[in-house]
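Examination of the molecular architecture
Now for the letters of each chain:
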Amino acid sequence: MAKNTSSSAFRKIDIDQYNEDNFKEDEAEQSIPTGPDEGEVCALLNQGRYIDALKVVLNNAPVGSANQQIKDNALALTLKVLLAIKSTQIEEAVGNLCLDDIDILMKYIYRGFECPTEGSSGHLLLWHEKAFNIGGSGSIVRVLSDRMKV
Amino acid sequence: MSQTLTFGDSCAPVTCHAWNKDRTQIAFSPNNNEVHIYQKEGNDWKQTNNLVEHDLKVMGIDWAPNTNRIVTCSVDRNAYVWTQGDDGKWTTTLVLLRINRAATCVKWSPMENKFAVGSGARLISICYFEKENNWWVSKHIKKPIRSTVTSIDWHPNNILLVAGSADFKVRVYSAYIKDIEDQPGPNVWGTKLPLGQMLAEFPNSPNGGGWVHSVSFSADGNKVAWVGHDSSINVADATQGKAIIKLKTEYLPFLGCSWVTNNSLVVAGHSCIPLMYCHEGDQIKFVAKLDNTQRKESGGLSAMKKFQSLDRQARIETNDTLLDSIHQNAITSIRIFEGTKANTHKFSTTGLDGQLVIWDLDSLERSIEGLKIV
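Report follows, based on the coordinates. (Residues numbered from 1 in each chain as written. Chains lettered and ligands numbered in written order. Predicted model: local features only at pLDDT ≥ 70, side-chain atom pairs only at ≥ 80, totals over all residues. Heavy atoms only, no water.)

Here we look at the packing of aromatic side chains
The way to describe two aromatic rings as a pair is by their centre distance and the angle between their planes. All names here are of chain B. What counts is decided by this rule: Pairing of aromatic rings covers Phe, Tyr and the six-membered ring of Trp, with a centre-to-centre limit of 6.5 Å; geometry is then stacked below 30 degrees between planes, edge-to-face above 60, and tilted otherwise. Secondary structure is summarised from DSSP: a helix means a run of H or I of at least four residues, a strand means a run of E of at least two, and numbering begins at the N terminus for each. Only protein chains enter the area calculation, which uses a 1.4 Å probe; residues under 20% of their type maximum are buried, those over 50% are exposed, and those in between are partly exposed.
Evaluated as defined, the whole model comprises 19 aromatic pairs over all chains. For the ring pair F202 and W226, a centre distance of 5.5 Å and an interplane angle of 20° mean the geometry is stacked. Of this pair, F202 sits in strand β17 (residues 198–203) while W226 sits in strand β19 (residues 223–228), and the two are 24 residues apart along the sequence. The class for F202 is buried, based on a relative accessible area of 2%. The class for W226 is buried, based on a relative accessible area of 0%. Each residue in the set F7, W19, F28, Y38, W45 and F337 is aromatic and connected to the rest through ring pairs, giving one cluster.

Rendered as structure tokens:
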């Protein structure tokens, strides 16, 4: 095994920067996503069609976008939908989603934990429990391993 | 059903393992720089050799069945080919890999005249024996690998190679060495086959996530399967336009995959249980869990245990860390024990718990409801 040396500064040198064929993220090829339409989602929420609103925000999640502002707006809108749905309705809402949507939902749940508001985390934990029942550990692993963040 | 073996007193993780041709000997590395060889004597396994040549952790072992040669590769950037003398001693030859990062995986080609080594140097070394100089030399496949090669597998035609990498891609290459073999004819993957020609490239996910842990060519060589860190199982069929069929599972990520028939594959990994999946048309379907071990409740003593646990650990529940499976930690490698890739009867798995488990597919098929291997 490598000998112990007192200095570990050498470990912080980025030796890979001198390679010309470094790993680069693939550029997003598709048209720049703009995120869900706030007006449409709010209209659905006002009509009480929460599950439809949830589907709209998840299907239009700007995962490929490089613009943090768009992502933050989509997050705020998604959290609004998630928190608007009552805890008794969560199971039904999650049951209506396809597996790809569950993965995106899981990403938003974790993002929601990052920036909690009053009472949000407890509610998100309920969402997490129901989403986990369907997506299993796999959907949590995909939150961690996916390069496209929400 | 299944048979569990442990070797020696140590319970060190088994990094990788390989069998000899008649499965009476096994070579494995106990997560260090050594390769231990055990031989079956009656019902016991006795250590016959300890191959110590590497300086750092051994990452890959492969045992060529017909020529009875072992190749090992290690984090010390070297690979060695081991040959057995008449006295049973193994002697070693260094292979010139010409890499500046750890070697991560190694596989003999089906005809055993060359082998491939994947490495952290973002390249694959195709190594063959040069008679004139009496040593093993290598040629490199470089482009367009962007990260560590984590896993490789040979096509049955001895020419093509599939490699999975930490840059989230699976690539099929030609590994034709014109110095030692005849010009290959065209196949379903491509027609022009100079060394290093990339014939297919598959991203593990459209979102670019999940490094590839393991790859496997099917027995007929038309299909490639791989598993990634996004807990997915993927199959691409060259006869079906090389479209990727992806199944995202609800389990923890898989570290190994192997075809057991032309349509069925076994995967295993961090969930500690081997699972069988089946490729049908444009779908990958779950078939069965191959490990249905239930933990036995320790009957009469439970009240006493409960108070002991309360007393010692201030816990109300008597929960311990035993898992409901035979493997007690992640499974890191799968090998065919009996049969071929087209028709596997038994396979073996090793993992971080230091156990080796041999799974009998024929008897599992009889005992597990709904398990039909096609």
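What follows picks up the thread again.
Thoughts on a nonpolar patch on the surface
All names here are of chain A. Our working rule: Each patch is built from residues lacking any salt bridge and having more than 30% relative accessible area; the joining distance is 9 Å for like charges and 5 Å for nonpolar side chains (Val, Leu, Ile, Met, Phe, Trp, Tyr). Residue-level accessible areas treat just the shown protein chains as cover; the underlying method is Shrake-Rupley with a 1.4 Å probe. By convention in these notes, a salt bridge is any Lys or Arg side-chain nitrogen within 4 Å of a carboxyl oxygen on Asp or Glu.
Judged by side-chain polarity, F10, I13 and I15 come together as a nonpolar surface patch covering roughly 310 Å² of accessible area. Mapped onto the fold, F10 is located in the segment before α1 (38–46). By relative accessible area, which is 46% here, F10 ends up partly exposed.

Overview of helix α2 (residues 50–59) of chain A
The line we're drawing: Should any heavy atoms of two residues lie within 4.5 Å, those residues are considered in contact.
Of the positions making up α2 of chain A, those classed as buried are I51, A53, L54, V56, V57 and L58 of chain A. On its buried face, α2 of chain A sits against α1, α3 (68–84), α4 (90–95), α5 (99–114) and α6 (120–145) of chain A.

Observations concerning the interface of chain A and chain B
To be explicit about the condition: Take the accessible area each of two parts loses on contact, using a 1.4 Å probe, and add the two losses: that sum is the buried area. Each polar contact in these results corresponds to two N or O atoms within 3.5 Å; when the atoms are within protein, one needs to be able to donate a hydrogen and the other to accept it, and residues that are neighboring in sequence are counted only if both atoms are side-chain atoms.
With 24 residues of chain A in contact, the opposing surface of chain B contributes 22 residues. Carbon and sulfur atoms make up 50% of the area that chain A and chain B hide from each other, which totals about 1700 Å². Put simply, D103 of chain A and K248 of chain B hold a salt bridge, and the shortest N to O gap is 3.7 Å. If you look at where chain A meets chain B, you find six residue pairs in polar contact (both at pLDDT 80 or more).

Notes on α3 of chain A
Residues and elements named next belong to chain A. The condition that has to hold: Here, expected helix span is obtained from the residue count minus one, scaled by 1.5 Å.
With 17 residues, α3 extends 24 Å between its outermost C-alpha atoms, agreeing within 8% with the 24 Å of an ideal straight helix rising 1.5 Å per residue. Taken as a whole, α3 has its buried residues at I70, K71, A74, L75, L77, T78, L79, V81 and L82. At its buried positions, α3 is contacted by α1, α2, α5 and α6. The N-capping residue of α3, defined by a side-chain oxygen 2.8 Å from the backbone nitrogen of Q69, is N67.

Some thoughts on the pattern of salt bridges
Applying the stated criterion across every chain, the model contains 20 salt bridges over all chains. Between K139 of chain B and D179 of chain B there is a salt bridge whose closest N-O contact spans 3.6 Å. Of this pair, K139 of chain B sits in strand β13 (residues 135–141) while D179 of chain B sits in the loop between β16 (169–174) and β17, and the two are 40 residues apart along the sequence. Look at K139 of chain B and you get partly exposed, because its relative accessible area is 25%. For D167 of chain B, the salt bridge is made with R171 of chain B, and the minimal N-O distance between the two is 3.0 Å. Across this residue pair, the class does not change: D167 of chain B and R171 of chain B are buried. If you follow the salt bridges from partner to partner, you end up with D100, D103 and R142 of chain A together with K248 of chain B in one network.

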